[in-house]
Amino acid sequence: MTETTKTPATPPADDATPAPGTRRGIIPLPLAAARALLLVGGIATAASTFLRWTWTSDFPGDLTVNGYPGGLQVLTLVAGLITTLFALATYEVRGLGWLVPARNNAPLVLTAVGGFAVTWYTVIAIAAKLGGIVNWEPGTYIAAVASLLPVIGALALPQDATDTTKEALKAYIAKAERVPAAQATAPWIQRLVITIVAALALTVFAYGIDAEDQLFVGFLIVVVFTAWALQTAGLFDRFSRLTAQNRSFALAMGFVAAIGFPFTQTNDHYANLGVNILIFGTVALGLNIVVGLAGLLDLGYVAFLGVGAYTAALVSGSEFSKFSGVQFPFWAAALTGAAASLIFGVLIGAPTLRLRGDYLAIVTLGFGEIFRISVNNMDGVSGPDITNGPNGIPSIPDLSFFGFNFGENHDIAGFTIGRFANYYLLMVLISALVVTIYRRASDSRIGRSWIAIREDETAATAMGINGFRVKLIAFALGATLAGLAGTVSAHVTYSVVPNPYQFAGAAPPNSAFLLAAVVLGGMGTVSGPFLGAALLYLLPEKLVALQDKSLLAFGIALILLMRFRPEGIIPNRRRQLEFHETGQLDVPDTTTLTDDPAITKAGA
Amino acid sequence: MRFGGLTAVRSVDFTVNAGEIVGLIGPNGAGKTTFFNCLTGLYVPTEGTVSYQGTVLPPKPHLVTKAGIARTFQNIRLFANMTVLENVLVGRHTRTKEGLWSALLRGPGFKKAEKASEERAMELLDFIGLAHKRDHLARNLPYGEQRKLEIARALASEPGLLLLDEPTAGMNPQETRATEELVFAIRDKGIAVLVIEHDMRFIFNLCDRVAVLVQGEKLVEGTSDVVQADERVVAAYLGEPFDGGTDDTTAETEAESTTGTTSTKGEAQ
Amino acid sequence: MRQRSLVILTSVLTTGALTLTACGSRDSGSKSDSSSTTLTIGVDAPLSGENSTTGLGIQYGVQIAVDDANKNNWVPGVKFKIKALDDKAQPATGQSNATAFTGQKDVVGAVGPLNSGVAQSMQQVFASANMVEISPSNTNPALTQGKDWATSKTRPYKTYFRTATTDALQGAFAADYAYNGLKKKKAFVVDDKQTYGAGLAGIFNSAFKKLGGSIAGTDHVNTGDTDFSSLVTKIKNSGADLLYYGGQYDESEKITKQLKGAGVKIPLFGGDGMFATTYIQTAGKAAEGDLATSVGVPADTLPAAKQFIATYKAKGYKGDYGAYGAYAYDAATAIIKAVKAVKDANGDKLPASNDLRSKVVDAVQKSDFEGISGKVAFDEYGDTTNKQLTVYQVANGAWKAVKTGTFNGS
Amino acid sequence: MNTLPQQLANGLLLGSMYGLIAIGYTMVYGIVQLINFAHGEIFMTGAFGALTVYAYILPDGTSMVVAVPLMLIGGGIVSVVVAVGAERFAYRPLRQAPRLAPLITAIGLSLSLQELVRNFYPGADKARSFPSLDGNHDIGSVTISDADIFLVIAAIICMSGLAWFVRKSRTGRAMQATAQDPDTAQLMGIDTNRIIVIAFAIGGFFAAVAAVSYGLKYGNIDYRMGFLMGLKAFTAAVMGGIGNIYGAMLGGVVLGVAETLASAYISKIPGMEQLGGSSWANVWAFCLLILVLLFRPQGLLGERVADRA
């Protein structure tokens with residue numbers, strides 16, 4: 001943070017009027033002109049999307065029709081509207097005060113640049129794809145100029161004098177020093193806000209997941225800049241405090257959104273992706289107990305997913321499985337799968353949990369490999385014939401209980417639900433179960449003992465915690481949850497084969513990616529692993545445009561993400577303090593005692 | 001207790017009865033903390049046993065605490081990233097029994113036990129005066145308060161015997177006096193206290209009895225003035241008196257001044 | 001009470017937002033104006049990681065077939081393009097690629113996958129969407145003839161075809177050539193514990209014993225292993241006069257080098273997974289005298305294939321076309337010709353997408369034309385009727401065909 | 001039973017290669033407590049570095065006596081540059097991050113290095129042939145190739161050199177101090193960053209030596225050779241007692257011999273015929289590791305870290 005002579009941003013209304021001489025923008029324009037430029041620019045950008053941008057329909061999204069924006073134009077429209085919204089906020093319009101609580105310039109600058117970036121990206125893409133500027137229509141020129149105005153306006157906003165332009169630019173996008181706490185609102189307003197945000201997030205996610213190549217890049221630009229703007233405006237902190245206050249409601253809304261997702265999908269592919277993400281996320285949450293709470297580094301965790309999957313396959317009645325006569329109903333198969341991985345968890349945990357840190361890591365890695373190799377070799381030729389070796393157990397029949405056959409499509413309220421969407425909904429239920437188990441376990445006596453063990457094992461044992469027993473419980477619980485998810489994954493992928501259960505490979509699920517999902521998402525949190533899982537699945541899917549360079553881009557993305565967010569995207573509040581020395585004491589806001597300490601509670 | 005060739009503690013038998021404060025002093029490297037670690041099961045004593053209220057305790061730290069002996073550490077070992085309240089709640093671990101199942105089912109038993117633990121923890125926090133900081137992270141408390149929190153955490157397991165390992169190390173005078181009142185209050189609650197300390201004035205007006213440990217052996221045990229007068233203790237602390245035969249008073253003042261300086265021998269425990 | 005009203009409020013809001021997205025923006029529906037519809041042929045093969053060289057050969061084989069179709073307008077009024085997805089030789093990724101193909105309306109059929117293991121997870125997806133799937137390289141018999149293919153053949157999936165013969169024939173053909181052609185009596189059989197490798201080695205093993213040969217020993221290696229010194233020592237002391245390997249070139253090129261390096265001068269005999277130029281480049285002169293069976297007749301002896309190889313080299317495509325490039329080309333041609341047959345039968349107009357897909361499946365079943373890899377036709381199980389097999393031997397640095405023939409013994 | 005000496009020799013050779021790579025893991029772990037999963041890839045880049053020297057820089061006819069040292073230098077430079085670069089850009093910023101963050105970076109790095117070589121090195125998407133030393137010598141019933149001799153000599157020289165360096169030289173002592181307690185070492189005026197860079201560099205160089213001997217012995221290299229070898233070497237480093245350089249070499253040899261003997265002789269044990277194939281070798285190697293760690297939780301040569309209350 002550069003040492004600008006910024007006065008603490010107490011939000012008096014007249015803060016914006018510039019004291020003579022000390023505060024001026026890079027571009028010497030009076031404040032009123034700057035704000036006008038921002039507003040006019042925003043509206044113009046939005047308006048320009050209604051004009052024709054190309055004469056041929058070759059360009060994806062067919063931007064040829066006047067009066068109705070298509071493809072990338074929709075994104076420019078959205079960016080233009082957001083810039084206009086923020087511009088109005090600076091005019092102190094009554095209803096929009098909450099948009100820029102600290103009255104800093106960063107959100108304005110970022111939304112303006114966002115609009116500019118997506119418009120110019122589209123314009124350049126048109127030129128590049130259709131060959132030459134000649135393909136631009138008048139609409140395109142207007143859009144290009146219109147999106148430039150807000151940027152000029154933003155850079156003209158008053159700013160504390162800084163000696164170099166580089167620092168001035170940095171100051172422009174700096175987060176406000178002290179974001180004033182939101183005035184207490186009635187609980188039902190808070191819930192309403194959470195619902196709107198959840199619905200909005202679902203819409204954005206559904207739109208984004210469908211977007212292909214150019215559209216996806218434009219989508220990414222708009223989302224990144226808008227999120228950055230909201231973050232610098234301090235709205236993300238307010239929202240996280242909001243969700244913290246009504247924690248269970250926020251999670252309920254999360255699940256409603258998750259259930260809503262397959263309805264927004266026309267084809268079944270993204271439901272298939274969704275169910276893979278959910279399975280991977282549930283297993284990652286199980287690993288989160290072992291790694292995030294109890295601090296035991298487990299590098300062979302995917303083996304428990306394998307145990308669950310193979311057990312379910314064996315009892316699923318597929319004619320390839322050894323006990324082909326037997327067909328368990330789903331709940332029985334799920335229980336046997338979970339029980340089998342529980343037994344495996346205890347078998348693996350008991351001898352090894354006395355080891356410390358990295359020794360435990362290598363032993364669990366060893367067990368992961370032992371599982372994969374033995375399953376691959378047990379085909380009657382080089383081992384007892386239990387798992388058909390490399391051919392695995394194919395043609396596992398679809399689940400059907402209570403008359404609802406998961407194999408066929410069903411129509412609910414006009415939406416067709418494909419096979420994968422059925423499994424997706426089942427998986428949402430199981431994830432809800434696992435999330436409640438995680439939250440309840442982490443916020444209880446045993447949860448506290450796990451965290452105590454992770455913080456300082458010697459002190460914890462001195463407090464009477466039997467280290468070995470507690471670690472074994474964590475290990476076994478994690479294994480059971482992974483086994484449960486495994487039983488569903490067996491039915492989803494029709495067949496169970498040994499090679500996905502490796503330590504590290506190109507595509508998820510494998511142990512290294514599970515660990516990456518937990519650490520990337522945010523260790524010790526509830527939604528972290530799911531976010532991490534979604535990222536690890538969607539990134540390669542969306543990078544497919546780079547063909548054989550996609551894996552390279554994925555590896556680099558992993559490094560960069562870890563470089564800039566070592567504590568994960570949704571940091572567990574207590575972990576965040578460890579790495580960014582905030583310099584000032586972490587004293588919760590001295591608000592009234594009703595401030596629910598949920599934030600600082602273990603594991604929330 | 002032997003580490004390879006070095007016998008850190010040899011044939012030290014010791015009794016502390018309820019409601020009594022006993023001091024354990026000795027120059028650096030006398031084996032005080034090693035003795036502590038044997039007592040609390042951190043080290044497995046090569047010979048001899050630790051028995052509490054008659055029953056012999058296995059050298060397992062968590063069983064020792066369950067039996068009723070709680071301890072603090074020489075260098076503070078709080079759960080840095082847990083809040084003050086949570087640290088004390090962890091202390092209550094041995095006195096509660098809700099396992100994984102009760103946590104998952106959240107039956108009435110679980111809620112009652114959690115509320116009871118929280119109340120008991122808040123009582124303890126009031127007792128040491130940190131109730132208003134229940135949601136602060138332990139790592140952010142000033143040094144003195146961290147010491148007090150560690151004592152509260154130890155008390156949370158309802159011990160019969162509390163072992164304090166240099167509770168006033170690095171404290172300023174009024175903090176030391178505050179700790180004194182605290183220990184007296186603990187003693188009045190009927191808990192036996194065993195204190196290791198270098199601050200002579202603190203020890204002598206705090207403890208009913210004092211034992212001196214030198215080179216792993218118990219030199220003398222008795223009331224504080226008996227121990228002060230014993231020239232072997234003075235010799236152990238100051239070394240042989242300079243052959244010019246000085247009387248007690250000067251030895252007394254010298255003892256005062258030297259204890260402050262750290263002795264040359266490295267800390268061996 | 002207020003709680004309940006809130007829940008109603010939230011659900012109304014959510015469904016409201018959903019309907020907004022459901023109608024979606026204008027561009028999602030594929031506009032088909034009259035001039036020319038574009039149909040997509042999906043390709044699923046490992047394009048990165050292990051087996052990627054043969055995988056790329058399949059992708060570019062299909063690409064050339066599609067370019068030829070568009071260039072000389074095989075199906076008037078219909079343009080083709082390919083959508084290649086990388087399955088990284090992982091069954092789960094293959095399956096999600098399959099749902100991507102079946103989910104996209106303008107995809108009419110798919111070529112691939114390379115690995116039999118991946119095919120198992122994909123067959124069901126294509127069957128439920130009844131879209132045709134032709135693999136240029138899967139040779140595991142169970143894929144088309146069901147679980148106990150040795151005894152009673154039952155066809156599991158109507159939509160699954162392949163232009164490569166099954167291991168049942170390839171293994172027996174190799175055993176016959178080894179025993180009668182090369183007069184080898186003691187064979188040591190090794191496989192890489194993968195669907196293809198283990199299957200092929202097992203068949204060779206039983207066929208060789210039936211012919212009277214003896215098995216000096218069997219062993220299994222892991223894919224990705226690099227040190228085979230203990231295996232080489234076992235073979236050296238087993239007195240075998242032939243080493244049969246079931247698996248890909250990744251491992252066999254290293255085994256043959258270490259085998260000859262340790263002074264064990266016996267040939268290594270393998271299947272089509274090994275028949276690639278990389279085998280010779282990597283093993284160097286250790287490969288001299290090694291043999292491999294491959295499906296069909298050698299590509300360079302067929303006149304039609306010469307032009308294919310020329311285009312492949314001209315375009316500078318990466319990957320190795322030798323193994324399955326020609327088969328991928330023929331698989332794509334089969335789909336394109338089927339589309340033409342359906343279009344002609346339907347009064348020169350393409351039926352709607354689902355109807356088109358099921359009709360194409362029936363048309364492919366009846367396809368019978370002279371492809372660049374030989375005659376392309378499918379029997380009632382979906383296997384190619386082109387039972388041609390060829391044995392190649394490495395002679396001064398190149399694969400030379402030593403015996404071509406068909407093998408119809410079971 | 002006449003194959004025993006030959007199998008033992010195979011095991012020793014394989015083990016010393018594991019040992020050379022394992023030293024990289026132990027050096028880095030000893031100093032920074034980081035499991036550098038990308039070390040397998042540093043080994044691989046060393047191999048390609050050496051191949052570049054041979055294939056593109058040296059005129060074709062150069063005899064191996066001249067070529068091998070140059071290849072060692074070439075491979076060594078590439079490995080050291082990659083190792084130090086990885087430390088400088090990927091690991092250093094995460095120095096105070098949670099212990100797991102560098103682990104994920106290492107996984108990302110290993111994936112990126114593999115793909116970088118596959119995409120941009122000419123012809124690397126297939127295995128590239130490597131000049132190999134093929135002269136065979138028979139000592140009793142054991143056949144050893146020149147490459148094996150090179151490997152053993154290289155291993156011995158490197159080990160003794162490293163032992164001298166760590167014990168006798170000034171930086172060596174500084175390295176030991178940083179391993180014990182980095183903060184106090186800094187107070188003694190040791191630039192710990194420089195020490196860490198040296199540790200990575202030495203690990204990188206040893207990996208390059210192993211890479212060249214791998215190429216000479218097996219005659220080909222490919223972009224995926226680093227992953228499995230790296231995993232095995234890490235197992236060896238832990239078995240020998242992570243942090244202890246002699247442990248790394250001992251762990252390597254023990255692992256190599258165990259693996260080879262397992263794949264050769266387990267099938268001779270009645271009742272376990274099916275479990276004898278070399279595909280089961282890794283399982284027995286990991287079982288051995290778990291047994292060793294059960295009885296000596298700090299590894300064969302690791303010292304018991306007394307936990308000071």
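What you see is a predicted model, and the numbers here were worked out from it, not measured in a lab.

A. Just the overall build of chain D, in detail. When helices and strands are counted, chain D shows 11 helices and 4 strands. On C-alpha atoms alone, chain D measures out to a radius of gyration of 20 Å, which is about the 19 Å that the 2.2 N^0.38 rule sets for 309 residues. With the principal axes as the frame, chain D shows a C-alpha extent of 60 × 55 × 35 Å. Counting all 309 residues of chain D, 62% fall into the buried class.

B. Examining the side chain of R153 of chain B more closely. Structurally, R153 of chain B can be placed in helix α6 (residues 143–155). Note on R153 of chain B: relative accessible area 0%, which makes it buried. Apart from the residues within four sequence positions on either side, R153 of chain B is in contact with A459 and M463 of chain A together with F73, R77, L78, F79, N87, V88 and G91 of chain B.

C. Structural view of the sheet that holds strand β10 (residues 291–295) of chain C. Residues and elements named next belong to chain C. The 7 strands are arranged β7-β6-β8-β9-β10-β13-β14 in an open sheet whose pairing can be described as mixed. The outermost strands of the open sheet, each flanked by one partner alone, are β7 (214–220) and β14 (398–406). Shown here is a sheet whose adjacent strand axes are inclined to one another by a mean of 25°, direction ignored. Its contacts with the sheet put helix α9 (residues 249–261) on β8 (242–246) and β9 (268–270), and the angle it makes with β8 is roughly 160°.

D. Broad picture of the packing of aromatic side chains. Residue and element names in this part refer to chain C. Following the criterion strictly, the structure yields 32 aromatic pairs over all chains and no others. When the centroid spacing of 4.2 Å and the interplanar angle of 5° are considered together, the rings of Y60 and Y317 count as stacked. Within this pair, whereas Y60 is found in helix α2 (residues 52–71), its partner Y317 is found in the loop between α11 (303–315) and α12 (325–345), the two being separated by 257 residues in sequence. Between the aromatic rings of F204 and F208, the centroid separation amounts to 5.4 Å while the plane-to-plane angle is 15°, which identifies the pairing as stacked. Of this pair, F204 and F208 both sit in helix α7 (residues 195–210), 4 residues apart, which is roughly one turn of that helix. Looking at F204, the relative accessible area reads 0%, which means it is buried. On the basis of relative accessibility, which here comes to 0%, the residue F208 falls in the buried class. Each member of the aromatic cluster is reached from another via a ring pair, and the members are Y177, Y179, F204, F208, Y244 and F269. Note that K337 overlies the ring of W74, its terminal NZ or CZ placed 5.3 Å from the centroid. K337 extends its terminal NZ or CZ atom over the ring of F369, reaching a point 5.3 Å from the ring centre.

E. Looking closely at the confidence of the model for chain D. Of all residues in chain D, 98% attain a pLDDT of 70 or more, and the chain-wide mean is 85. Per the prediction output, this complex has pTM 0.83; the corresponding ipTM is 0.83.

F. Up close: helix α9 (residues 225–240) of chain D. All names here are of chain D. Along its 16 residues, α9 runs 23 Å from first to last C-alpha, staying within 8% of the 22 Å computed at 1.5 Å per residue. Within α9, 14 of the 16 residues are buried, which leaves the element mostly enclosed by the surrounding structure. Following α9 by one or two positions, G241 has its phi on the positive side, about 105°.

G. Region of interest: the sheet that holds strand β5 (residues 160–162) of chain C. Residue and element names in this part refer to chain C. Pairing is parallel in the open sheet, where 5 strands are placed in the order β2-β1-β3-β4-β5. Only two strands of the sheet have a single partner each, and these edge strands are β2 (78–86) and β5. Recorded for the sheet is a direction-independent mean angle of 25° between the axes of neighbouring strands. Note: strand β1 (residues 37–45) against β2, 9 bridges, orientation parallel. What sits directly across from G42, in β2, is K83. Relative to the sheet, α2 contacts β1, β2 and β3 (107–111), its axis offset from that of β2 by approximately 170°.

H. The arrangement of a nonpolar patch on the surface in detail. Among the surface-exposed residues, V65, V66, L70, I73, I77 and V81 of chain D lie close enough to one another that they form a single nonpolar patch of about 560 Å² accessible area. For L70 of chain D, the location among the structural elements is in helix α3 (residues 64–91).

I. Fine view of the interface of chain D and chain A. With 49 residues of chain D at the contact, the number on the chain A side is 46 residues. Between chain D and chain A the total buried area reaches about 4,100 Å² when both faces are included, carbon and sulfur atoms providing 78% of it. Taken together, chain D and chain A are joined by 0 salt bridges. Taken together, the links from chain D to chain A amount to 4 residue pairs in polar contact (both at pLDDT 80 or more). Residue assignment for the side of chain D that touches chain A shows that the elements contributing at least two residues are α3, α4 (101–120), α9 and α11 (281–295) of chain D. Grouping the amino acids of the side of chain D that touches chain A by side-chain chemistry returns 33 nonpolar, 12 polar and 4 charged.

J. A look at the pairing of strand β2 (residues 136–139) of chain D. Residue and element names in this part refer to chain D. Bridge count for β2 against strand β3 (residues 142–145) is 4 bridges, and the pairing is antiparallel. By the bridge assignment, N136 is partnered in β3 with S145. Connecting β2 to the antiparallel partner β3 that follows it, the hairpin turn spans 2 residues, and G140 within it adopts a positive phi of roughly 60°.

K. Main features of the confidence of the model for chain B. Residue and element names in this part refer to chain B. Per-residue pLDDT for chain B has a mean of 76; in total, 85% of the residues score no lower than 70. Across chain B, the element-wise mean pLDDT spans from 40 in helix α11 (residues 248–260) up to 88 in helix α3 (residues 84–91). The low-confidence segment residues 245–269, where pLDDT is below 50, has 22 contacts with residues more than four positions distant or belonging to other chains.

L. The arrangement of the pattern of salt bridges in detail. Following the criterion strictly, the structure yields 31 salt bridges over all chains and no others. When the shortest N-O distance is used, the salt bridge between R118 of chain D and E115 of chain D registers 2.9 Å. On the criterion of helical spacing, the pair formed by R118 of chain D and E115 of chain D is a turn pair, its members being 3 residues apart in helix α4. Owing to a relative accessible area of 2%, R118 of chain D belongs among the buried residues under this scheme. By relative accessible area, E115 of chain D is classed as buried at 1%. Each of the salt bridges in this network shares a partner with another, and the network as a whole consists of R92, R120, E123 and E158 of chain B.

M. View of helix α8 (residues 192–218) of chain D. Residues and elements named next belong to chain D. Between its terminal C-alpha atoms α8 stretches 38 Å, which fits the 39 Å expected from 27 residues at 1.5 Å a residue. A large share of α8 lies buried, amounting to 23 of its 27 residues. Capping the start of α8 is the job of one residue whose side-chain oxygen sits 3.0 Å from the backbone nitrogen of N193: D191.

N. Representation of the packing of helix α5 (residues 146–168) of chain D against helix α6 (residues 170–180) of chain D in the model. Residues and elements named next belong to chain D. Running from amino to carboxyl end, α5 crosses α6 at an angle of 75°, the nearest separation of the two axes being 5 Å. What the angle tells us is that α5 and α6 run roughly perpendicular. Contacts from F165, V166, R167 and K168 of α5 reach α6 at R170, T171, G172, R173, M175 and Q176. Class assignment of the residues belonging to the contact of α5 with α6 gives a composition of 3 nonpolar, 3 polar and 4 charged.

Cut-off values and rules
- Residues numbered from 1 in each chain as written.
- Chains lettered and ligands numbered in written order.
- Predicted model: local features only at pLDDT ≥ 70, side-chain atom pairs only at ≥ 80, totals over all residues.
- Heavy atoms only, no water.
- Helix = DSSP H or I, 4+ residues; strand = E, 2+ residues; numbered from the N terminus.
- Rg over C-alpha atoms; globule rule 2.2 N^0.38 Å.
- Buried < 20%, exposed > 50% of the residue type's maximum accessible area, 1.4 Å probe, protein only.
- Contact = heavy atoms within 4.5 Å.
- Pairing = 2+ DSSP bridges.
- Axes fitted to C-alpha atoms, helices over the stretch in contact; angles between N-to-C directions.
- Phe/Tyr/Trp six-rings, centres within 6.5 Å; stacked < 30°, edge-to-face > 60°.
- Lys NZ or Arg CZ within 6 Å of the ring centre and 35° of its normal.
- pLDDT = per-residue confidence, 0-100.
- Expected span 1.5 Å × (residues − 1).
- Patch = residues over 30% accessible without salt bridge, like charges linked within 9 Å, V, L, I, M, F, W, Y side chains within 5 Å.
- Areas by Shrake-Rupley, 256 points an atom, 1.4 Å probe, with all protein chains shown as cover.
- Salt bridge = Lys/Arg side-chain N within 4 Å of Asp/Glu carboxyl O.
- Buried area = accessible area lost by both parts, 1.4 Å probe.
- Polar contact = N/O pair within 3.5 Å; in protein donor to acceptor, adjacent residues only side chain to side chain.
- Nonpolar A, V, L, I, M, F, W, Y, C, P; charged D, E, K, R; others polar.
- Parallel < 35°, antiparallel > 145°, perpendicular 65-115°, else oblique.

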